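Listed below, chain by chain, are the residues.
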Amino acid sequence: MEWFNLMEDVLIPICVCCVLPISIVLIVFIYRNRALAQKTEVIKLAIEKGAKIDPDTLMDALSGRNSKSKTVMKSKTVMSRLLNRLTWGILLLLTGIVSGIVLLCQGPDAMPDSKYVVVSIVSLSVGVALLVSYFVGRKMLGKEVAAEEDKQTDNE
């Protein structure tokens, strides 16, 4: 019985806090190295056979970056980033408000657990920060948003 208490008190937290994160990082590291080795092998074979390779593709493959991810990041407009902040700001603000109301409705005798209060306060404050970021960004980046809208209407 003593062994079980030792395992429950010491070994499980050590496994959860140390072994699990290290193994996750190790798995990601091994996967990326294997993918990079496969890309370089394919490029090496293509060069040996005399195929023409775009220098940008070669540099992307050898550096471990994905050229598709760069185009996705570039295609995200200023307005879509601002709307993303607005969406998450409203969601987190409402989560904080609802969880605060639930904590207050438990009654005066029920002492809420501190972690629920912290989650409520953190989600409320992050939601407010994202909303402020949206409104300030919209005001500061108004010219860029207008230029993007003009560019999109010109392309259509």
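Just above, that's the structure.
What counts, and where the lines are drawn
Residues numbered from 1 in each chain as written. Predicted model: local features only at pLDDT ≥ 70, side-chain atom pairs only at ≥ 80, totals over all residues. Heavy atoms only, no water. Helix = DSSP H or I, 4+ residues; strand = E, 2+ residues; numbered from the N terminus. Buried < 20%, exposed > 50% of the residue type's maximum accessible area, 1.4 Å probe, protein only. Contact = heavy atoms within 4.5 Å. Areas by Shrake-Rupley, 256 points an atom, 1.4 Å probe, with all protein chains shown as cover. Phe/Tyr/Trp six-rings, centres within 6.5 Å; stacked < 30°, edge-to-face > 60°. Expected span 1.5 Å × (residues − 1). Polar contact = N/O pair within 3.5 Å; in protein donor to acceptor, adjacent residues only side chain to side chain.

Engineer: Looking at this model, I keep getting lost on the overall build of the chain. Mind explaining?
Structural biologist: Counting its regular elements, the chain contains 6 helices and 0 strands. Its helices and strands taken in sequence order, the chain reads α-α-α-α-α-α from the N to the C terminus. Burial statistics for the chain: of 156 residues in total, 11% are counted as buried. Within the chain, contacts between residues at least 6 apart in sequence are counted, and of these 70% link residues at least 24 apart. Accessible area for the chain stands at about 12700 Å²; split by element, carbon and sulfur atoms hold 68% of it.

Engineer: Just checking my understanding: could you explain the packing of aromatic side chains for this structure?
Structural biologist: Two aromatic rings are characterised by how far apart their centres lie and by the angle between their planes. Counted under the stated rule, the structure contains 1 aromatic pair. The interplanar angle of 70° and the centroid separation of 4.9 Å between the aromatic rings of Tyr134 and Phe135 together place this pair among those described as edge-to-face.

Engineer: Whenever I open this one, helix H5 (residues 114-140) confuses me. Can you help?
Structural biologist: Note on helix geometry: an α-helix contains 3.6 residues per turn, so any two residues three or four positions apart are oriented the same way. Under the 1.5 Å per step criterion, the end-to-end length of H5 is 38 Å for 27 residues, consistent within 8% with the ideal 39 Å. When H5 is considered as a whole, its buried residues turn out to be Ser120, Ser123, Gly127, Leu131, Tyr134 and Gly137.

Engineer: Can you help me understand the side chain of Ser120 in this one?
Structural biologist: Within the secondary structure, Ser120 sits in helix H5. Only 3.1 Å separates the side chain of Ser120 from the side chain of Ser99, close enough to count as a polar contact. Here Gly100 takes part through its backbone nitrogen, which lies 3.4 Å from a polar atom of the side chain of Ser120. Sequence-distant contacts of Ser120, that is, excluding residues within four places in its chain, are made with Gly96, Ser99, Gly100 and Leu103.

Engineer: Where do I start with the side chain of Ser123 in this structure?
Structural biologist: Its location among the elements puts Ser123 in helix H5. From its side chain, Ser123 meets the backbone nitrogen of Gly96 in a polar contact 3.3 Å long. Excluding its chain neighbours within four sequence positions, the residues that come into contact with Ser123 are Leu92, Leu93, Thr95 and Gly96.

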